[in-house]
Amino acid sequence: MNMSNADTQNKAAMTGRDGAVDHAAKFELSDEIAHAQAHTYRVIELVGTSEKSIEDAINRAIGRAHQTIRHLRWFEVARTSGHITDGKVSHFQVTLKVGFTMEEAL
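Residues numbered from 1 in each chain as written. Predicted model: local features only at pLDDT ≥ 70, side-chain atom pairs only at ≥ 80, totals over all residues. Heavy atoms only, no water.

1. Section: the pattern of salt bridges
Turning to step 1, where the next piece is worked out: In total, this model carries 2 salt bridges according to the counting rule given.
Turning to step 2, where the next piece is worked out: Between D56 and R60 there is a salt bridge whose closest N-O contact spans 3.0 Å. Of this pair, D56 and R60 are both found in helix α3 (residues 54-68), 4 residues apart, which corresponds to roughly one turn of the helix.
Turning to step 3, where the next piece is worked out: In this structure D56 comes out as buried when scored by relative accessible area, which is 15%.
Turning to step 4, where the next piece is worked out: Of the charged contacts in the structure, one is a salt bridge between R70 and E103, with a shortest N-O distance of 2.6 Å. With R70 in the loop between α3 and β2 (72-85) and E103 in the segment after β3 (88-101), this residue pair connects regions lying 33 residues apart in the sequence. (Salt bridge = Lys/Arg side-chain N within 4 Å of Asp/Glu carboxyl O. Helix = DSSP H or I, 4+ residues; strand = E, 2+ residues; numbered from the N terminus. Buried < 20%, exposed > 50% of the residue type's maximum accessible area, 1.4 Å probe, protein only.)

2. Section: the pairing of β2
Regular strands place side chains that alternate from one sheet face to the opposite one.
Turning to step 1, where the next piece is worked out: Judged from the 12 bridges that link them, β2 and β3 form a sheet pairing that is antiparallel. Residue F75 lies in a different strand from β3, and its bridge partner there is V98.
Turning to step 2, where the next piece is worked out: Count of turn residues in the β2/β3 antiparallel hairpin: 2 residues, of which D86 carries a positive phi of about 50°. (Pairing = 2+ DSSP bridges.)

3. Digging into the confidence of the model for the protein
Turning to step 1, where the next piece is worked out: The predicted model of the protein averages 80 in pLDDT, with 63% of residues at 70 or higher.
Turning to step 2, where the next piece is worked out: Ranking the elements of the protein by mean pLDDT puts helix α1 (residues 5-13) last, at 50, and α3 first, at 97. (pLDDT = per-residue confidence, 0-100.)

4. Considerations on the nonpolar core
It is characteristic of soluble globular proteins that their nonpolar side chains tend to be buried jointly.
Turning to step 1, where the next piece is worked out: Ranked by size, the top nonpolar core spans 10 residues in total: L46, A57, I58, A61, A65, I69, V94, L96, V98 and F100.
Turning to step 2, where the next piece is worked out: Of all the elements in the fold, those that place two or more residues in this core are α3 and β3.
Turning to step 3, where the next piece is worked out: Not counting the four nearest positions on each side in its chain, L96 is found in contact with I44, E45, L46, I58, A61, I62, F75, E76, V77 and A78. (Core = buried A, V, L, I, M, F, W, Y, C linked by side-chain atoms within 4.5 Å. Contact = heavy atoms within 4.5 Å.)

This is the structure:
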């Protein structure tokens, strides 16, 4: 499979330093292609917590934000931490960057 120089650059732009896919960049690129109009995103930081898992902490943060913020589009895990009690993980804490589309001005 031959990749053009533009394909290589697009792929490189959608990966982080560790080679992981940057889902926010990928979403913005696909969103721009699909809608062909410019969007403005606001980025906020949330911290989700859970005694069960990292995934549960993420889902709690996103679920709570969804109750009061419209047009949530993507998230990025910025930091993961937790608490240890008696040699076992007792609590997970996940810091997220969350992007949402701003509504058009009147």
